[in-house]
Structure formats: C-alpha cells, structure tokens
Amino acid sequence: MATQTTTDYTVTGMTCGHCVASVREEIGEIPGVTGVDVTLDTGAVRVTSDREIDRSQIAAAVAEAGYQLT
C-alpha cells in the first residue's frame, strides 16, 4: 500500500499565473511528486508525493523556476 506524504512550503517572488505554472511544473518534475498546489496570494505551496522529498530538491526546483523557497 502506497503512502502519500504532504509537505507545505512558502515561495517568494511569484507575481502572476505564469509564476505559479513555472513553480508547479518544476516541482512536478521531481521523481515521486504526485501533486503540486500553489497559492499565488500567499506563496503557499503544498507538495504531495509518494515518498518523502528532500527539501533541497524542492529548493532547487523553485530556484530553477526563478523564485526562492523560504
């Protein structure tokens, strides 16, 4: 039976829907990630995965999109 893990992060620097899409896409490419919900107004990012994802992988994906994990 697979276990789902949900972790919340905050991303700074996003200002539009394109920003949200970029962050969602980059994080979504990390192996094991099954879902990414991004809230533009607060910078909240909820990552759902089938295993625990190292924070450094999330930070690198966010940086690749051009933003910063706080």
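So, a few notes on the structure that sits alongside this text. Because the structure is predicted, anything quoted here is derived from the model rather than measured. (Residues numbered from 1 in each chain as written. Predicted model: local features only at pLDDT ≥ 70, side-chain atom pairs only at ≥ 80, totals over all residues. Heavy atoms only, no water.)

### Let's talk about empty space enclosed by the protein
- Under the defined criterion, the tally for this structure stands at 1 cavity of 30 Å³ or more.
- In this structure, the largest cavity encloses a volume near 30 Å³.
- Lining the largest cavity we find Thr5, Thr7, Tyr9, Val47, Ser49, Ile53 and Ile58.
- Of all elements in the fold, only strand S1 (5–12) and strand S3 (44–49) reach the threshold of two or more residues within the lining of the largest cavity.
- Taken together, the residues of the lining of the largest cavity break down into 4 nonpolar, 3 polar and no charged. (1 Å grid on protein atoms, 1.4 Å probe; cavity = no way out; pocket = protein on both sides within 12 Å on 5 of 7 lines; lining within 4 Å. Points joined across faces, edges and corners; volume = space filled by probe spheres on them. Helix = DSSP H or I, 4+ residues; strand = E, 2+ residues; numbered from the N terminus. Nonpolar A, V, L, I, M, F, W, Y, C, P; charged D, E, K, R; others polar.)

### Concerning the nonpolar core
- Formed by 20 residues in total, the largest nonpolar core has its most connected members in Val11, Met14, Val23, Ile27, Val45, Ile58 and Tyr67.
- With sequence-adjacent residues up to four places away left out, tyrosine 67 is seen in contact with Val11, Thr12, Gly13, Met14, Cys19, Ser22, Val23 and Val62. (Core = buried A, V, L, I, M, F, W, Y, C linked by side-chain atoms within 4.5 Å. Buried < 20%, exposed > 50% of the residue type's maximum accessible area, 1.4 Å probe, protein only. Contact = heavy atoms within 4.5 Å.)

### So, the pattern of salt bridges
- Enumeration according to the criterion identifies 1 salt bridge in this entry.
- In this structure, aspartate 8 engages arginine 46 in a salt bridge whose closest nitrogen and oxygen atoms are separated by 2.6 Å. Of this pair, aspartate 8 sits in strand S1 while arginine 46 sits in strand S3, placing them 38 residues apart in sequence.
- Given the relative accessible area of 41%, arginine 46 is considered partly exposed. (Salt bridge = Lys/Arg side-chain N within 4 Å of Asp/Glu carboxyl O.)

### Points about the sheet that holds S1
- Reading across from one edge, S2-S3-S1-S4 is the order of the 4 strands in this open sheet, with antiparallel pairing throughout. Each end of this open sheet is capped by a strand with a single partner; those strands are strand S2 (33–39) and strand S4 (68–69).
- Examined bridge by bridge, S1 and S3 share 6 bridges and lie antiparallel to one another. In the strand pairing of S3, threonine 7 is matched with valine 47.
- Against the sheet, helix H1 (residues 17–28) contacts S1, S2 and S3, and its axis sits at roughly 160° relative to S2. (Pairing = 2+ DSSP bridges. Axes fitted to C-alpha atoms, helices over the stretch in contact; angles between N-to-C directions.)

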